[in-house]
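Architecture and fold: a report
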Amino acid sequence: MAETRPFELEKRTGNIPNSTIISASGPLVLEHLFRFQDAWRADNSDILIFELSGAIYIDSSLIGSLVNAHVHRMKNGGKMALAAVPERVKQMLSVTRVDMLFKFYATVEEAETALAGVRAQAG
């Protein structure tokens, strides 16, 4: 039986300065694209971390949105990472060959530590 879970999106301030965590869970599919996009597009922090531990599936529309978020961050000197990504979602990113664009971390805390260090070295 397929796992069903509603789409949920939560945006919060990270534990390091000028960072945002966007947690998305449930099916990351076209039906939820605009809500997902609006969340990251409205964010102006230096560091953006997508926490995806509750994601059960991701389709091409949300993969495209993650790629767009990555490109937008890189253009504007920001940092972005994916944290707690389930194996099924990682496989979809790998099959579509976009996994190499992203930095993956086991936890949000690991992502924050790594990206804060990158920012400190660059500055």
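Source: prediction; values computed, not measured.

**Notes on the confidence of the model for the protein**
For the protein, per-residue confidence averages 92 on the pLDDT scale, and 93% of positions sit at 70 or higher. Note on residues 119-123: pLDDT is under 50 here. Beyond four places in sequence and across chains, it has four contacts.

**Looking at the packing of aromatic side chains**
In this structure the tally under the stated criterion is two aromatic pairs. Between Phe36 and Phe50 the ring centres are 5.4 Å apart and the planes differ by 25 degrees, which places this aromatic pair in the stacked class. Highlighted residues: Phe36 in helix H1 (residues 33-41) and Phe50 in strand E3 (residues 47-51), separated in sequence by 14 residues. Taken individually, Phe36 and Phe50 each receive the classification buried, so the pair is uniform in this respect.

**Quick notes on the packing of H1 against helix H2 (residues 60-75)**
Packed helix pairs are characterised by how far apart their axes lie and by the angle those axes make with each other. Direction vectors running N to C along H1 and H2 enclose 15 degrees, while the axes themselves pass 10 Å from each other. Compared by their axis directions, H1 and H2 come out roughly parallel. Considering the relative orientation of H1 and H2, their crossing is right-handed. Only Ser61, Leu62, Ser65, Leu66, Asn68, Ala69, His72 and Arg73 of H2 make contact with H1, whose side of the interface consists of Leu33, Phe36, Gln37 and Trp40. Partitioning the contact of H1 with H2 into residue classes produces six nonpolar, five polar and one charged.

**Re the nonpolar core**
Membership of the largest hydrophobic core comes to 25 residues, with the highest contact counts inside it found for Leu28, Phe50, Leu52, Leu82 and Phe102. Sorting the residues of this core by element identifies strand E2 (19-28), H1, E3, strand E4 (55-58), H2, strand E5 (79-83) and helix H3 (87-95) as the ones contributing at least two each. Here the element with the most residues in this core is H2; it accounts for five residues.

**A word on the pairing of strand E1 (residues 8-13)**
Where E1 meets E2, six bridges bridge the pair, whose relative direction is antiparallel. For Leu9, the partnering residue across the bridge sits in E2 and is Ala24. Here E1 hands over to E2 after five residues, with Asn18 in that stretch at a positive phi of 55 degrees.

**Notes on the side chain of Asp59**
Relative to the helices and strands, Asp59 resides in the loop between E4 and H2. Buried within the structure, Asp59 lacks any salt-bridge partner; Arg88 is the closest side chain of opposite charge, at an N-O distance of 11 Å. Engagement of the side chain of Asp59 in a polar contact is seen with the backbone nitrogen of Leu30, the distance being 2.9 Å. Those residues in contact with Asp59 that sit more than four places away from it in its chain are Leu28, Val29 and Leu30.

**Brief notes about H2**
With 16 residues, H2 ought to run about 22 Å at 1.5 Å a step, and its terminal C-alpha atoms sit 22 Å apart, in line with that. In this structure, the buried residues of H2 make contact with E2, H1, E3, E4, E5 and H3.

**Comments concerning unusual backbone geometry**
The backbone of Asn18 sits at a positive phi, close to 55 degrees, despite the residue not being glycine. Looking at the element boundaries, Asn18 is found in the loop between E1 and E2. A positive phi angle, near 55 degrees, is found at Ala84, a position not held by glycine. Relative to the helices and strands, Ala84 resides in the loop between E5 and H3. With relative accessibility at 21%, the residue Ala84 sits in the partly exposed group.

Conventions we followed
Residues numbered from 1 in each chain as written. Predicted model: local features only at pLDDT ≥ 70, side-chain atom pairs only at ≥ 80, totals over all residues. Heavy atoms only, no water. pLDDT = per-residue confidence, 0-100. Contact = heavy atoms within 4.5 Å. Phe/Tyr/Trp six-rings, centres within 6.5 Å; stacked < 30°, edge-to-face > 60°. Helix = DSSP H or I, 4+ residues; strand = E, 2+ residues; numbered from the N terminus. Buried < 20%, exposed > 50% of the residue type's maximum accessible area, 1.4 Å probe, protein only. Axes fitted to C-alpha atoms, helices over the stretch in contact; angles between N-to-C directions. Parallel < 35°, antiparallel > 145°, perpendicular 65-115°, else oblique. Left-handed = near helix turned anticlockwise from the far one by under 90°. Nonpolar A, V, L, I, M, F, W, Y, C, P; charged D, E, K, R; others polar. Core = buried A, V, L, I, M, F, W, Y, C linked by side-chain atoms within 4.5 Å. Pairing = 2+ DSSP bridges. Lys, Arg positive; Asp, Glu negative; His and termini not counted. Salt bridge = Lys/Arg side-chain N within 4 Å of Asp/Glu carboxyl O. Polar contact = N/O pair within 3.5 Å; in protein donor to acceptor, adjacent residues only side chain to side chain. Expected span 1.5 Å × (residues − 1).

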